[in-house]
Amino acid sequence: MANKSTKTMFIGLGILLAVILLAVGYFFWQQNKAEELELSGYVGGEKINFLDNPEVQKILQKDYGFRLDISKAGSLDMVQADDLDGRDFLWPSSQTALELYESLHGRPKKEENIFNTPIVLYSREYVAKGLVKAGIVEKREDVYWVDMPKLVQAMKDNKKWSDLGLERLHGSLAVHTTDPAKSNSGNMFSGLTANMLADNQLADENNIQKVLPELENIFAKIGYMETSSSNLFNLFLSTGMGNKPIVAGYENQLLELSKMEPDTWERAKGDIVIMYPEPTVWSSHILIALNDRGARLIEALQDERLQKIAWEEHGFRTGMYGNQVSDHDFDVPGVAEEITRIIQMPNYKTMRQIIKSFS
Amino acid sequence: MKTPGKFKRLALILALFSFLISAVSCSPFLNRFNEKPDGADSFFAGKSKNDTVRIVSGSENKVLEPIIEDFTKKSGIGVSITYMGSLDIMRLLEADTIPYDAVWPASGLWISVGDQKHRIKHQASTSTTPVIFGIKKSVAEELGFTNGKDVYVKDILKAIQDEKLRFTMTSATQSNSGASAYIGFLYALLGSPEHISVEDLHKTDLQNQVRSLLAGVERSSGSSNWLKDLYLAGDYDAMVNYEALIIDANVRLEEEGREPMYAVYPVDGMMIADSPLGFVSDNGEKNRDEKTAEENFQKLQDYLLTPEAQERIEASGRRTGLNEVNPKFDKVFRQDWGIRKDALISTINMPRQDVLFEALNLYQREFKKPGFNIFVLDFSGSMQGSGYDELIEALGELMIDEKAKANFLQTSDEEINFFIPFATDVQPFLQAKGNAELEALYEKIKAYTPNGGTALYEALDEALAIMEEADLSAYSPSIVLMTDGQPNGDMNFKDFNRRYLDLNKDIPVFTILFGQAKEDEMGRIAQVSRAKVFDGKENLTRAFRSVRGYN
């Protein structure tokens, strides 16, 4: 009997202990949960995959207590959006977007460049080879380099594809971009093109009036413009060469595709090429913190592990990674090791005139 | 000391039971609604409507329903789909409240134009298919479109203008394929310029040409899959539609021993639909569990993008991946039907948004063949209350110019509308030409009080009599019966059927139903006249707009 009652007692104690442990556990879990912050913000489409990466989410959640609720929006669209209440941050892709934000709302709580990627042109082997023959593109080692002054001149002269020997393509030579008034990659390509039209110098307040009609004519050829870089890139991939022979985008988009969708990339590899404009412009992915919560996100995103993932998985060149790319492990031919011929974007006042002409 | 053993067994049995119960309750009880003979405009797979992903989709995705059903079987997550034209989806995105979890239009263009509030997330293309011409093979041969030479849009337009080709297309202001065809026509008629400007659209020469071209449209439709059904039900020479639906139609045509269509891809281009599926965040519904909805949505999207599902989608005649066709599907993408397998399909550049919208407004107001519509309105006693209210509200969407304009449903100056109110007796008809007269009639119609019996066939007979006397050659005629009630006059369906066949004119008789209507009988009216029955009980206005897409 004594034996049995002792046993019962132990069982009772065991249950009690378990309940206590559970309660304590629950308490701490609740504490932890209460500390988790949900941050809401607009993000340029090209960074969605990075933020959706489970590894990135884990680091943000475990070490920083953040859960992100993001909506995709064009860089220029988001800084002009009228529903910024309740948002903690904006993550556009350029200095111009930041300056536009500042002109509308004043200085943000904090802003910081998280990583960079150059503007490149995506096309197909057939087009790249044809443009090499036409003298607009040059292949040095494995890399295609676009002679930007020549390309812009040809577009300005209303050249047809067939004039350049590309008989399989219908219509006029054109580079499809996103809407320069709404999305950053298109905006930057318009800035770059404006520089070329300003005699290959920086377009500014003095020469922009002369440049604008030519710039508008070049962009009018592409008609409706997408508002997101990722949509444009996906359309480029899925709708074939006849639809969008050349598109402007970010270098990271293809690098990321090769990692995230290896099957698709395997099928596309022989045909799809990166061409680097010479000169080109750098897109800086600047995070704009709208409040203290957003400012804490800036710190988090500078975490070395996140910066490493940003380069290795998503192809963003960062301060720490991606500067020397000779040893990169992307299965992508023709990635430039170093991009030296860079031109500045026109200043904000000039860009504002360009944006105005497109809206 | 056998007790513990007993308990163990009992516990085991209980566990087994609960497992069985949960297994049974998890297994999806598949159900399909709305499989009416006239072609469903919605779809549902799952157990209950509570835990469902609600999609609003272009009708071209109807063919993918079996794949969705398999997803439901595997995941236990229900899926409901409401079909409407892509431009209607665009307009839906502009609303504060969107009663859906996901959108699936034919082209991402309509999301980027409509989603001004940036509520669409996780947007990804599920497949692509170009908009092309399907032309009855013998006709295509006669016109010289099958010998491998380049065909331009203007060549096809010439055949239409010379009355060698009678073709159908969807409404350019409701459906993506129609919009894309229409814009393609504009480029061709303007002599393939670099781009189209608003000024171009107002050139008299262009306007005359577009008008005469659209006068050659035999019948229009609000959405692409309905157009395919219409083609199958009728005897037309050609349609502008998605490659995927032309393949689908050809399979059916061959099964029925009829002549298939030959696919013609104009070299100056139409458009490629990229079928993007996107999640609607912040959809404005108060009681929505967005997190669960988003998780369920992502499971569905992930499923559709698995290699297995993608292969099944490709087997249905859509292109996946990089727009090239896997040789495995040579028997789907048949060369003898003119289907091309390469990825080099040229497309037009959609005009800038302001030009596009101006073009769409002109289509509705100026270009399309003016409608000759007879609305047969039920004011019998049972319409009192909500039936009357809904009817009046819906008519407002059409008759009040400001509202109609917002939906691209304006009445052109040439359009003629008749209204035949009826109850126990058929009332004298009301008539309006153009939108000013139409708007003026609205108050008069509002003044009718529902009362008495339902002389439905008598009223239809009156409508057919008006049609018989009218010269319809320059119009797109339709009859729209708006009723809730069971006919109880002296005439019956047989009388209608005889009269309709004697008349021998291609006039659709649509029905918009409310209340306790006799669906079978209205279905027969629609079948005879190759039209549709719409359910106005849930959203009469939308049904009404769908009807309008046909003219």
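Above this text is the structure in question.
Here the residue index of a chain counts from 1 through its sequence in written order. Here chains are named by letter from A upward and ligands by number from 1 upward, in the order in which they appear as written. With pLDDT at 70 or above as the cut-off, local features in this predicted model cover only qualifying residues; side-chain atom pairs require 80 or more to be listed or tallied, and sums for whole chains, interfaces and linings still use all residues. Heavy atoms from the whole structure form the basis of all side-chain values; hydrogens and water molecules are not counted.

Asker: Looking at this structure, how should I read the overall build of chain A?
Answerer: Here a strand is any run of E in DSSP of at least two residues, a helix any run of H or I of at least four, and the numbering for each starts at the N terminus. In terms of helices and strands, chain A carries 15 helices and nine strands. Buried residues in chain A amount to 56% of all 359 residues. For chain A, long-range pairs separated by at least 24 residues make up 78% of all intrachain contacts whose partners lie at least 6 apart in sequence. The protein chains shown are the only cover counted for residues, whose accessible areas, like all others here, come from Shrake-Rupley with a 1.4 Å probe. Accessible area for chain A stands at about 15800 Å²; split by element, carbon and sulfur atoms hold 49% of it. When a residue's accessible area, from a 1.4 Å probe over protein chains only, is under 20% of the maximum for its type it is buried; when over 50% it is exposed; and in between it is partly exposed. We call two residues contacting when some pair of their heavy atoms lies within 4.5 Å.

Asker: Even after reading the chapter, I still don't get the overall build of chain B, so can you show me in this structure?
Answerer: The secondary structure content of chain B amounts to 21 helices and 18 strands. Classification of the 551 residues of chain B by burial places 59% in the buried group. In chain B, 74% of the contacts between residues at least 6 apart in sequence involve partners at least 24 apart. Accessible surface computed for chain B: about 22000 Å², of which carbon and sulfur atoms make up 50%.

Asker: It is not clear to me how the nonpolar core should be interpreted in this structure. Could you clarify?
Answerer: Across soluble globular proteins, you tend to see nonpolar side chains buried next to one another. In this structure, A:Leu121, A:Leu131, A:Leu151, A:Phe189, A:Leu215 and A:Met275 are the most contacted members of the largest nonpolar core, which totals 67 residues. Residue-level mapping places this core at the junction of two domains, with at least three residues from each of domain 1 (34-116 + 284-312) and domain 2 (118-283 + 333-358) of chain A. Excluding anything up to four places from it in sequence, A:Leu151 contacts A:Leu121, A:Ile136, A:Val146, A:Leu173 and A:Val175. Residue types Ala, Val, Leu, Ile, Met, Phe, Trp, Tyr and Cys, when buried and joined through side-chain atoms within 4.5 Å, form a set referred to as a nonpolar core. By size, the runner-up hydrophobic cluster in this structure holds 57 residues, among which are B:Val113, B:Ala172, B:Phe185 and B:Val355. The start and end points of each domain follow an automatic or database-based domain assignment.

Asker: Looking at this structure, I do not really get the packing of helix H7 (residues 176-189) of chain B against helix H9 (residues 204-215) of chain B. What am I missing?
Answerer: To describe two helices that pack against each other, one gives the angle between their axes and the distance between the axes. All names here are of chain B. For helices, the axis comes from a line fit to the C-alpha atoms of the stretch in contact; other axes are also lines fit to C-alpha atoms, and the angle between any two N-to-C directions lies between 0 and 180 degrees. Direction vectors running N to C along H7 and H9 enclose 135°, while the axes themselves pass 10 Å from each other. Our classification of the angle between H7 and H9 gives oblique. The handedness of the crossing between H7 and H9 comes out as right-handed. On H9, the residues touching Tyr-182, Phe-185, Leu-186 and Leu-189 of H7 are Leu-206, Gln-209, Val-210 and Leu-213. Under this scheme an angle from 65 to 115 degrees is roughly perpendicular, one under 35 degrees roughly parallel, and one over 145 degrees roughly antiparallel; angles in between are oblique. The crossing is said to be left-handed when, going from far helix to near helix, the turn is anticlockwise and less than a right angle, and right-handed when the turn is clockwise.

Asker: Sorry, what's going on with the pattern of salt bridges here?
Answerer: One side chain can pair with another of opposite charge once the charged atoms of both are near each other. All names here are of chain B. Put simply, a salt bridge is a Lys or Arg side-chain nitrogen that is within 4 Å of an Asp or Glu carboxyl oxygen. Tallying each qualifying case throughout the model produces 47 salt bridges over all chains. In this structure, the salt-bridge partner of Glu-65 is Lys-62, at a minimum N-O distance of 3.2 Å. Residue Lys-62 is classed as buried on the basis of its relative accessible area, which comes to 17%. Measuring nitrogen to oxygen at the nearest pair gives 3.7 Å for the salt bridge that ties Arg-166 to Asp-237. Taken together, the residues Arg-166 in the loop between helix H6 (153-161) and strand S7 (167-170) and Asp-237 in the loop between helix H10 (224-233) and strand S9 (238-242) connect sequence positions 71 residues apart. Of the residues examined, Asp-237 reaches a relative accessible area of 11% and is grouped as buried. By sharing partners, the salt bridges in this structure join Arg-54, Asp-101, Glu-285, Arg-288 and Glu-290 into a single network.

Asker: Help me understand the pairing of S9(B) in this model?
Answerer: Both faces of the sheet carry side chains from a regular strand, because those side chains alternate between them. All names here are of chain B. The element S9 is largely enclosed, with a buried count of five among its five residues. Sheet topology note: the strand S6 (residues 129-136)/S9 ladder contains five bridges and is antiparallel. Its bridge partner being in S9, Gly-134 is matched across the sheet by Met-239. As defined by bridge partners, S7 adjoins S9 across two bridges and the pair is classed as parallel. Counted as the bridge partner of Thr-168 is Met-239 from S9. For two strands to be treated as a pair, DSSP must find at least two bridges joining them.

Asker: How should I be thinking about the packing of aromatic side chains in this particular structure?
Answerer: Residues and elements named next belong to chain A. The rule is short: rings of Phe, Tyr and Trp, with Trp giving its six-membered ring, pair when the centres are within 6.5 Å, and they are stacked under 30 degrees, edge-to-face over 60, tilted in between. On inspection of all chains with the given rule, the structure shows 28 aromatic pairs over all chains. Measuring from ring centre to ring centre gives 5.1 Å for Phe-219 and Phe-358, while their planes differ by 70°; the resulting arrangement is edge-to-face. Taken together, the residues Phe-219 in helix H9 (residues 208-220) and Phe-358 in helix H15 (residues 348-358) connect sequence positions 139 residues apart. Judged by its relative accessible area of 5%, Phe-358 falls in the buried class.

Asker: How should I be thinking about the pairing of strand S12 (residues 276-280) of chain B in this particular structure?
Answerer: Residues and elements named next belong to chain B. The element S12 is largely enclosed, with a buried count of five among its five residues. The alternating pattern of S12 places Pro-276, Gly-278 and Val-280 on one face and Leu-277 and Phe-279 on the opposite face, and all of these are buried. Bridging between strand S4 (residues 102-104) and S12 involves two bridges; their strand directions are antiparallel. In the strand pairing of S12, Val-103 is matched with Gly-278. In this structure, strand S5 (residues 120-125) lies alongside S12, joined through four bridges in antiparallel fashion. In the strand pairing of S12, Ala-124 is matched with Leu-277.

Asker: Where do I start with the sheet that holds S5(B) in this structure?
Answerer: The strands that make up a sheet are held in pairs by hydrogen bonds between backbone atoms, and each pair lies either parallel or antiparallel. Residue and element names in this part refer to chain B. Read from one edge to the other, the open sheet built from six strands follows the order S1-S3-S2-S4-S12-S5, with strand pairing classed as mixed. Looking at strand neighbours, the two that pair on one side only are strand S1 (42-45) and S5, the edges of this open sheet. Recorded for the sheet is a direction-independent mean angle of 20° between the axes of neighbouring strands. Contacts from helix H3 (residues 86-93) reach strand S2 (52-57), S4 and S5, with the element oriented near 120° to S2.

Asker: How should I be thinking about the interface of chain B and chain A in this particular structure?
Answerer: Residue-level contacts link 32 residues of chain B with 38 residues of chain A. Among the salt bridges present, the one from A:Asp69 reaches B:Lys121, with a minimum N-O distance of 3.1 Å. Polar contact is the term for a pair of N or O atoms within 3.5 Å; when the atoms are in protein, one must be able to donate a hydrogen and the other to accept it, and sequence-neighboring residues count only if both atoms are side-chain atoms. Taken together, chain B and chain A are joined by eight residue pairs in polar contact (both at pLDDT 80 or more). For the side of chain B that touches chain A, the secondary-structure elements that each account for two or more residues are helix H4 (108-114) and S5 of chain B. Of the residues in the side of chain B that touches chain A, the class split is eleven nonpolar, 13 polar and eight charged. Residue polarity is assigned by list, with Asp, Glu, Lys and Arg as charged and Ala, Val, Leu, Ile, Met, Phe, Trp, Tyr, Cys and Pro as nonpolar; anything else, Gly included, falls into the polar class.

Asker: What is the right way to read the sheet that holds strand S16 (residues 476-483) of chain B from this model?
Answerer: Residues and elements named next belong to chain B. Across the sheet, six strands lie side by side as S15-S14-S13-S16-S17-S18; this open sheet has mixed pairing. At either margin of the open sheet sits one strand with a lone partner, and together these are strand S15 (430-433) and strand S18 (533-535). For this sheet, the mean angle separating the axes of adjacent strands, direction not counted, is 15°. Two elements, strand S14 (residues 416-422) and S15, share four bridges in a ladder whose sense is antiparallel. Opposite Asn-417, over in S15, you have Ala-432 as the bridge partner.

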